[in-house]
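Examining the three-dimensional arrangement
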Amino acid sequence: MSDSFHLGLPFLEAAQAQKHVTVNEALRRLDALLHLSVVSRTLAAPPAEPEEGARYIVAADAEDAWEGHDGEIAARIDGAWMFFAAKAGWQAYDETAGALLFHDGTGWTLPASVGSSGAATAFTLVEGEHDVGAGATSDTSFVIPDRAIVLGVTGVVIEAITGASAWRLGVADDPMRYGNGIGATLDATVTGVSSTPVAYYGATPLRVTAEGGDFTGGRVRLAIHCLELSGPGA
């Protein structure tokens, strides 16, 4: 075995030359992963001017230098990106969201309350960026999970929406459930709180609906704030 099992730290080989290279590589990885704190977990492409030492959790549908590294930790080390695939039990602090995250072996989640029988209540954030397609409505590719209880949906315009003067946020059954008259300009935000928690019996996309004309373009970042329940084991 040339690398450690959990963190992939390189081992020194017997009679190895240039030992400092291997040791320094191990120290870089330890520095990146120990007491892990990431700038954000919503970016699908690297920032234009990343700071040395900055760490991110790569969002879905990653692009550019992050392509193919969805869900991994991207660390800026010596002017280049290093990637680390997380394992079940890893923790990370999201500096932007102010939240502690856990990796369950599949993806990053917020903490869950787990009973002795295995029953659990998890607070889940489903986040994604959505290109607003031409037309009167545009549905997201990411969805509200089946049987989730939604507390609200938040969002921000990251590329100005064109064609429409404003927009609504909801689902097909209720297109303005989470907001209407939302600004179309860059950095316009929405905080759509459910008047009462709403349960969804089936995976459901969010729907963006145009006001004052049809959409011709734009991009939004949305976050679904919800609870997910799982039952006790046998």
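Above this text sits the structure in question.
Just so you know, these numbers come straight off a predicted model, no measurement behind them.

Basis of the calculations
- Residues numbered from 1 in each chain as written.
- Predicted model: local features only at pLDDT ≥ 70, side-chain atom pairs only at ≥ 80, totals over all residues.
- Heavy atoms only, no water.
- Pairing = 2+ DSSP bridges.
- Helix = DSSP H or I, 4+ residues; strand = E, 2+ residues; numbered from the N terminus.
- Axes fitted to C-alpha atoms, helices over the stretch in contact; angles between N-to-C directions.
- Patch = residues over 30% accessible without salt bridge, like charges linked within 9 Å, V, L, I, M, F, W, Y side chains within 5 Å.
- Areas by Shrake-Rupley, 256 points an atom, 1.4 Å probe, with all protein chains shown as cover.
- Salt bridge = Lys/Arg side-chain N within 4 Å of Asp/Glu carboxyl O.
- Lys, Arg positive; Asp, Glu negative; His and termini not counted.
- Charge placed at Lys NZ, Arg CZ, Asp CG, Glu CD.
- Contact = heavy atoms within 4.5 Å.
- Buried < 20%, exposed > 50% of the residue type's maximum accessible area, 1.4 Å probe, protein only.
- Phe/Tyr/Trp six-rings, centres within 6.5 Å; stacked < 30°, edge-to-face > 60°.

**Regarding the sheet that holds strand 3 (residues 73-77)**
As summarised here, the arrangement of the three strands in space is 2-3-4, forming an open sheet in which the pairing is antiparallel. This sheet does not close on itself; its edge strands, each paired only once, are strand 2 (55-57) and strand 4 (80-84). Ignoring strand direction, the axes of neighbouring strands in this sheet form an average angle of 25 degrees. Pairing geometry for strand 3 and strand 4, over five bridges, is antiparallel. Following the sheet pairing, A74 is matched in strand 4 by F83.

**Examining a negative patch on the surface**
Taken together, the side chains of D61, E63, D64, E67 and D70 make up a negatively charged region of the molecular surface. For E63, the position within the fold is in the loop between strand 2 and strand 3.

**Section: the environment of L151**
Here L151 shows up in strand 11 (residues 149-162). Distance from L151 to H225, taken between C-alpha atoms, is 5.7 Å for residues 74 residues apart in sequence. When sequence neighbours within four positions are dropped, the list of residues in contact with L151 reads F123, G192, V193, S194, P197, H225, C226 and L227.

**What about the pattern of salt bridges?**
Tallied over the full model, the rule gives eight salt bridges. Residue R221 is joined to E129 by a salt bridge in which the shortest nitrogen-to-oxygen separation is 2.6 Å. Note that R221 is positioned in strand 16 (residues 217-230) and E129 in strand 9 (residues 120-131), a separation of 92 residues in sequence. The partly exposed category is assigned to R221, whose relative accessible area is 22%. Look at E129 and you get partly exposed, because its relative accessible area is 24%. Each of the salt bridges in this network shares a partner with another, and the network as a whole consists of E129, D131, R219 and R221.

**Quick word on the packing of aromatic side chains**
This model, assessed by the stated rule, comprises three aromatic pairs. The interplanar angle of 70 degrees and the centroid separation of 6.1 Å between the aromatic rings of Y56 and W81 together place this pair among those described as edge-to-face. In this pair, Y56 is assigned in strand 2 and W81 in strand 4, connecting sequence segments 25 residues apart. Summarising the burial analysis for this pair, Y56 and W81 share the class buried. One aromatic cluster is present, built from ring pairs that chain together Y56, W66 and W81.

**Side note on the environment of T185**
You can see T185 is positioned in the loop between strand 13 (174-183) and strand 14 (189-199). For the pair formed by T185 and V156, sequence separation is 29 residues and the distance between their alpha carbons is 9.6 Å. Dropping the residues within four chain positions of it, T185 is found in contact with V157 and A160.

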